Amino acid sequence: MTSFAPSANIADLRESATIAVSARAKALRAAGRPVIDLGAGEPDFPTPAFVLEAAHAALDAGATRYTQVEGILPLRQAIAERASAVHGNAIGAENVVVTAGTKQALFNACFSLFAAGDEVLVPTPGWTSYYQMLALARAVPVAIRGTREHDLKVTVQDLERAASPRTRGLILNSPCNPTGAVYSRRELTEIVACAERHGWWIISDEIYRAISYDGEAASLLSVVADLDRLVVVDGVAKSFAMTGWRIGWSIAPPAVARAMTALQSHTTSNAATLSQHAALAALSNAEQARQTVDGMVAEFRVRRDAALGALRAAAIDVIEPHGAFYLYIRAGDATAEDPEPGTTFARRLLEEREVAVVPGIAFGSPEWMRMSYAAPADQVMEGVRRIIAARIS
Ligand code: GLU
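Read on for a plain summary of the structure. (Residues numbered from 1 in each chain as written. Predicted model: local features only at pLDDT ≥ 70, side-chain atom pairs only at ≥ 80, totals over all residues. Heavy atoms only, no water.)

This part covers the packing of aromatic side chains. Summed over the entire model, instances satisfying the criterion amount to 10 aromatic pairs. An angle of 25° between the planes, with centres 5.0 Å apart, marks the rings of Phe107 and Phe111 as stacked. Residue Phe107 and its partner Phe111 are located together in helix α4 (residues 102–113), separated by 4 residues, close to a single helical turn. For Phe107, a relative accessible area of 23% corresponds to the partly exposed category. By relative accessible area, which is 37% here, Phe111 ends up partly exposed. Summarising the aromatic geometry, the rings of Tyr208 and Tyr326 are spaced 5.6 Å apart at their centres and angled 75° between planes, so their arrangement reads as edge-to-face. (Phe/Tyr/Trp six-rings, centres within 6.5 Å; stacked < 30°, edge-to-face > 60°. Helix = DSSP H or I, 4+ residues; strand = E, 2+ residues; numbered from the N terminus. Buried < 20%, exposed > 50% of the residue type's maximum accessible area, 1.4 Å probe, protein only.)

In the vicinity of the ligand, the contacting residues are Thr18, Ile19, Ala40, Gly41, Lys103, Trp127, Asn177, Tyr208, Lys238, Tyr326 and Arg370. Contact between the ligand and Gly41: an oxygen atom at 2.8 Å from a main-chain N or O atom of the residue. For the ligand, an oxygen atom lies 3.0 Å from a polar atom in the side chain of Trp127. When the free accessible area of the ligand is taken as 280 Å², the share hidden by the protein chains comes to 87%. Classifying every residue of the shell around the ligand gives 5 nonpolar, 3 polar and 3 charged. (Near = heavy atom within 4 Å. Polar contact = N/O pair within 3.5 Å; in protein donor to acceptor, adjacent residues only side chain to side chain. Areas by Shrake-Rupley, 256 points an atom, 1.4 Å probe, with all protein chains shown as cover. Nonpolar A, V, L, I, M, F, W, Y, C, P; charged D, E, K, R; others polar.)

This paragraph deals with the sheet that holds strand β6 (residues 201–205). In spatial order, the strands read β2-β8-β7-β6-β5-β3-β4; together these 7 strands make up an open sheet with mixed pairing. A strand with exactly one partner marks an edge of an open sheet, and here the two such strands are β2 (96–99) and β4 (140–145). The mean angle between the axes of side-by-side strands here comes to 20°, regardless of whether they run parallel or antiparallel. Of the strands in this sheet, β3 (119–124), β4, β5 (167–173) and β6 touch helix α5 (residues 128–136), which is tilted by about 170° from β3. The sheet strands contacting helix α7 (residues 185–198) are β5 and β6, and the helix crosses β5 at an angle near 165°. (Pairing = 2+ DSSP bridges. Axes fitted to C-alpha atoms, helices over the stretch in contact; angles between N-to-C directions. Contact = heavy atoms within 4.5 Å.)

The structure is reproduced here in structure tokens:
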């Protein structure tokens, strides 16, 4: 038998809990158990027809070969144009690197900006992969906990308290996965001013920005005066129901974009050529894109309201989401006997009631758990009924 000791690079690596929960739900389903999967966040809508048509056309035209590592120029230009409209000043294709999903853009940024011993502030709860990506870069993720009164968002005071001479940056994510909380423009302006005072890098993960229920969620591009110490990442997965196409991107100062391109040239090279053409279609047809996004957001809103109403009526503590498609639910107080009530509850929910959710420990808060409402409405509501039943039984 092969004996394998993981290298020091990955000795402490944990697999992605969001992916693992979904894999477990799929395995149980395959084994004949009718599991309701409210685990991984993946829109349950099909990729829009106009995008599929463009992909077919690109395939017919022979879009099957390598592209530039950083992505085809028309796609980078389309991304840059959208970013310029938000920023107010010109952002060019040289600022953009197209990646295999937004996850790769985040990894490129973490790996290129931070190294051994650098501390990076991560508002917590935060998406599970931030902590692991920073650790892979041998940087130190510093979890900054937001308070319940503030919907678990962090304030400048929280950041200042956690800052040290080794702090090099911060990862922002608004709308937030897992809470759905949205930072106001004022809050972001204060945080940017704090980062500028300290000379920190900001990585702003804006993958959920299009899914917002109370007006537009602010992009950091519209808050900063220049791109000097900012990397914004986004992608087509959530807003165009294109998760499997794996197209994300980063917008960064040109020197950083070049460094990330060099890194990517040794890891994956270009994102899939066909997918780049599909993403170009998604970004180039403003009217159809708007209809797609509006339709999904309207449906997510109906589900959010129904699920939130039912949970609140059952006196369950839940953060009101203003964006994204998650509900963050408090499972109980951590005690010496049960330090991870969110994990205990999620396990019981899956085994006894066949509902998959993600334990909050994956996002740095063991008292909580996350359910996605990017699933058909009847399943979301059945899932909520079972959560309530499990809670009060
Ligand atoms: N980002 C989504 C989630 O949090 C998809 C799975 C993943 O990549 O984490 O569920």
